Amino acid sequence: MSSLNLTPFSVGCGVTVGDLQLAKLTDDELLALREAFAEHGVLFFRDQQFTPHDHLQFAHRWGELVLNKFFKPVEGFPDIAEVRKEKHQTTNIGGGWHTDHSYDDIPAMGSILVARDLPTSGGDTRFANLYAAFDALSPGLQQTLQSLRAIHSNKHIYGKDGFYRTTDIADQLGGVDEVGDATHPVVITHPESGRKALYVNPGHTLGFEGWTRAESQPLLGYLYSHVDQPQFTCQFNWQPGSVVFWDNRSTWHFAQNDYQGQARLMHRITLAGSALAAAV
Ligand SMILES: O=C(O)CCC(=O)C(=O)O
Ligand SMILES: [Fe+2]
């Protein structure tokens, strides 16, 4: 088994994987990466030579792909989504804490994001560790959360009157009629690591099943501010050649929108997941 060169990215969030080219990964390195991914939730790679073809090949080696219904694909690569902001646009994609596809019954396992065109400064992405955030809650609150399920949706974002449809990125988004809801346990057992992770997020979670919005909001608000603390979060500065691979079951991410007047283009492949089981 190959041992990877892993460096903690911050105290409690993510690892940098050094001395490795994703486009030339050996089978042993792939196995070791699977372990690191399940444990750390977000893997940061620098200085990659990684064409769209390499991106696709790496994703296929990892698992099944899933298509995002709202983003435009890269020309010639229907499985790669463009995460694009043009110079003149003021709204960005993913500009708030969320995890991808939690509104699906079987949410996406992970996302592989590649920097293609970057602003001169800004445009970082923040990440949060939902294992560590859950572990740090009191046993009493952990127990209560483990008995709950939550409703997730994308209607308020991508639906007819959803947030993005009222902004200057509306024209580049499809799928207006393909919105939907899903319910998931509030605390999941991660399918690969076996660890418990908090599975609610500000972008998509509407409330707890059987609770009103008004009842849900204070507890969700508490959890969201609990997660957004320095010991559970980190901020990644993209450079040409940067690739980030995150686990949507154990992390959140948040694309910073602090580069107005400049363009930014990323390529994303989303990997399919499995149904989420409640932690016991
Ligand atoms: O552009 C980014 O940094 C992340 C955007 C996002 O939320 C995503 O690609 O899922
Ligand atoms: Fe996202």
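A quick note: this is a predicted structure, and the numbers were derived from the prediction, not measured.

Novice: Looking at this structure, how should I read the nonpolar core?
Specialist: For soluble globular proteins, nonpolar side chains are generally found buried alongside one another. Residues Leu22, Leu33, Leu43, Phe45, Phe58, Trp62 and Phe245 are the most contacted members of the largest nonpolar core, which totals 27 residues. Tallying contributions element by element places helix H1 (residues 27–40) first for this core, with five residues. Sequence-distant contacts of Phe45, that is, excluding residues within four places in its chain, are made with Val17, Leu20, Leu22, Leu33, Phe236, Gly241, Ser242, Val243 and Phe245.

Novice: It is not clear to me how the coordination of the iron ion (ligand 2) should be interpreted in this structure. Could you clarify?
Specialist: When a metal carries six donors in an octahedron, the ideal angles between them are 90 or 180 degrees, while four donors in a tetrahedron ideally lie at 109.5 degrees. Protein coordination of the iron ion (ligand 2) is provided by His98 (NE2), Asp100 (OD) and His253 (NE2), with donor distances spanning 2.1 Å. Owing to a relative accessible area of 10%, His98 belongs among the buried residues under this scheme. A residue is classified by how much of its surface remains accessible, and Asp100, at 4% relative accessible area, is buried.

Novice: Which parts of the structure should I look at to understand the state of the cysteines?
Specialist: Here a disulfide denotes a covalent bond joining the sulfur atom of one cysteine to the sulfur atom of another. Throughout the structure, instances matching the rule amount to one disulfide. One disulfide in the model links Cys13 with Cys234; its S-S distance is 2.3 Å. Taken together, the residues Cys13 in the loop between strand E1 (5–8) and strand E2 (15–18) and Cys234 in strand E14 (residues 233–236) connect sequence positions 221 residues apart. A residue is classified by how much of its surface remains accessible, and Cys13, at 1% relative accessible area, is buried.

Novice: Is there a simple way to think about helix H6 (residues 213–227) in this case?
Specialist: A turn of α-helix holds 3.6 residues, and therefore any two residues three or four places apart point the same way. With 15 residues, H6 should cover 21 Å at 1.5 Å per step; its first-to-last C-alpha distance of 20 Å lies within 8% of that length. Listed in full, the buried residues belonging to H6 are Ser216, Leu219, Leu220, Leu223, Tyr224, His226 and Val227.

Cut-offs applied
Residues numbered from 1 in each chain as written. Chains lettered and ligands numbered in written order. Predicted model: local features only at pLDDT ≥ 70, side-chain atom pairs only at ≥ 80, totals over all residues. Heavy atoms only, no water. Core = buried A, V, L, I, M, F, W, Y, C linked by side-chain atoms within 4.5 Å. Buried < 20%, exposed > 50% of the residue type's maximum accessible area, 1.4 Å probe, protein only. Helix = DSSP H or I, 4+ residues; strand = E, 2+ residues; numbered from the N terminus. Contact = heavy atoms within 4.5 Å. Donors = N, O, S within 2.8 Å, 3.2 Å for Na, K, Ca; no water. Disulfide = S-S within 2.5 Å. Expected span 1.5 Å × (residues − 1).

Geometric descriptors of this kind do not, in isolation, establish any biological role.
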